[in-house]
Amino acid sequence: MKNDKAHFVAFVGVMFALIFVLFLLEGTLLAGAGMTACILSLPVAIALSVYDDWKKSFVGGTLLGLSSCIFCLIFASMFIFYANPLISVLPRVFVGITAYWTYFGLSKLMKNVKNNFLRETLPAAVAGIVGSLTNTVLYLLSINIWAGDIMGSLTAILSVAVSIYFPIELAACMVLVPVYVKVLKKVNRSIINKPQKATKKSESVDV
């Protein structure tokens, strides 16, 4: 059990590094626009949240939120307002949770369907869409709340985010989440679960 947890913690650390690098890349390229689009990092975060059980569904969104917070601190002159954890982290915690239950429900509904696309790809794609919607709605809502002005100076930035960035994120999540889920399931079976099985075999030999 301890070995299994150690492998999972190491795996989460690697995924956090990956999400942060992707977010840093996206943010650096789009920093001039005053807001970043999570085209690559968000699909990874959603896939990380839905590939396993519900107890880990908050992990992906939380890692994305922490990456966002660190990025905003690094580029404090432009994004210091968004470094507030109640803006950058808290809304993202729910991204994986809504995506997971969408994926879980559709997977249960389609479990007896023979078509591989309907049984595996479609639930992950819809979960990606739901996760993207959750991210955009809660993130923009939190910005409006903490700005203290729903129709004030942030209106122009938010309109750009909704009209340009959001459709791109939505499409990216719909396409990439199914791919990432398949990859993470293979990694989970080969890296995380395998040591646990090996440990059980060694214990049986010792007895």
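A few points on the structure. Treat the numbers as computed from the prediction; the structure is a model and nothing was measured.

For the structure on display, the rule yields zero disulfides. Of all cysteine sulfurs, the one in C173 lies closest to C38, which takes part in no disulfide; the gap is 8.6 Å.

To continue, consider the side chain of S132. Take S132: it is sitting in helix α7 (residues 116-147). For S132, a relative accessible area of 0% translates into the label buried. Not counting the four nearest positions on each side in its chain, S132 is found in contact with L42, I46, F166, E169, L170 and C173.

Here we take up the packing of aromatic side chains. Tallied over the entire structure, the rule returns 10 aromatic pairs. Plain terms: the ring middles of F71 and F79 are 5.4 Å apart, the flat faces sit at 50° to each other, and that makes the pair tilted. Side by side, F71 and F79 carry an identical accessibility label, which is buried. Judged by centre distance (5.9 Å) and plane angle (20°), the ring pair of Y100 and F104 falls under stacked. One end of the pair, Y100, and the other, F104, are both in helix α6 (residues 90-109), four residues apart, so they sit about a helical turn from each other. Taking relative accessible area as the criterion, Y100 reaches 6% and is therefore assigned buried. Among the residues examined, F104 registers a relative accessible area of 34% and is labelled partly exposed. Feature note: the residues F23, F71, F75, F79, F81, Y82 and Y139 constitute an aromatic cluster, connected by ring pairs. Taking NZ or CZ as reference, K56 lies 4.3 Å from the ring centre of F8, over its face.

Definitions and limits used
- Residues numbered from 1 in each chain as written.
- Predicted model: local features only at pLDDT ≥ 70, side-chain atom pairs only at ≥ 80, totals over all residues.
- Heavy atoms only, no water.
- Disulfide = S-S within 2.5 Å.
- Helix = DSSP H or I, 4+ residues; strand = E, 2+ residues; numbered from the N terminus.
- Buried < 20%, exposed > 50% of the residue type's maximum accessible area, 1.4 Å probe, protein only.
- Contact = heavy atoms within 4.5 Å.
- Phe/Tyr/Trp six-rings, centres within 6.5 Å; stacked < 30°, edge-to-face > 60°.
- Lys NZ or Arg CZ within 6 Å of the ring centre and 35° of its normal.

Note that all results are geometric; they support no functional claim without further evidence.
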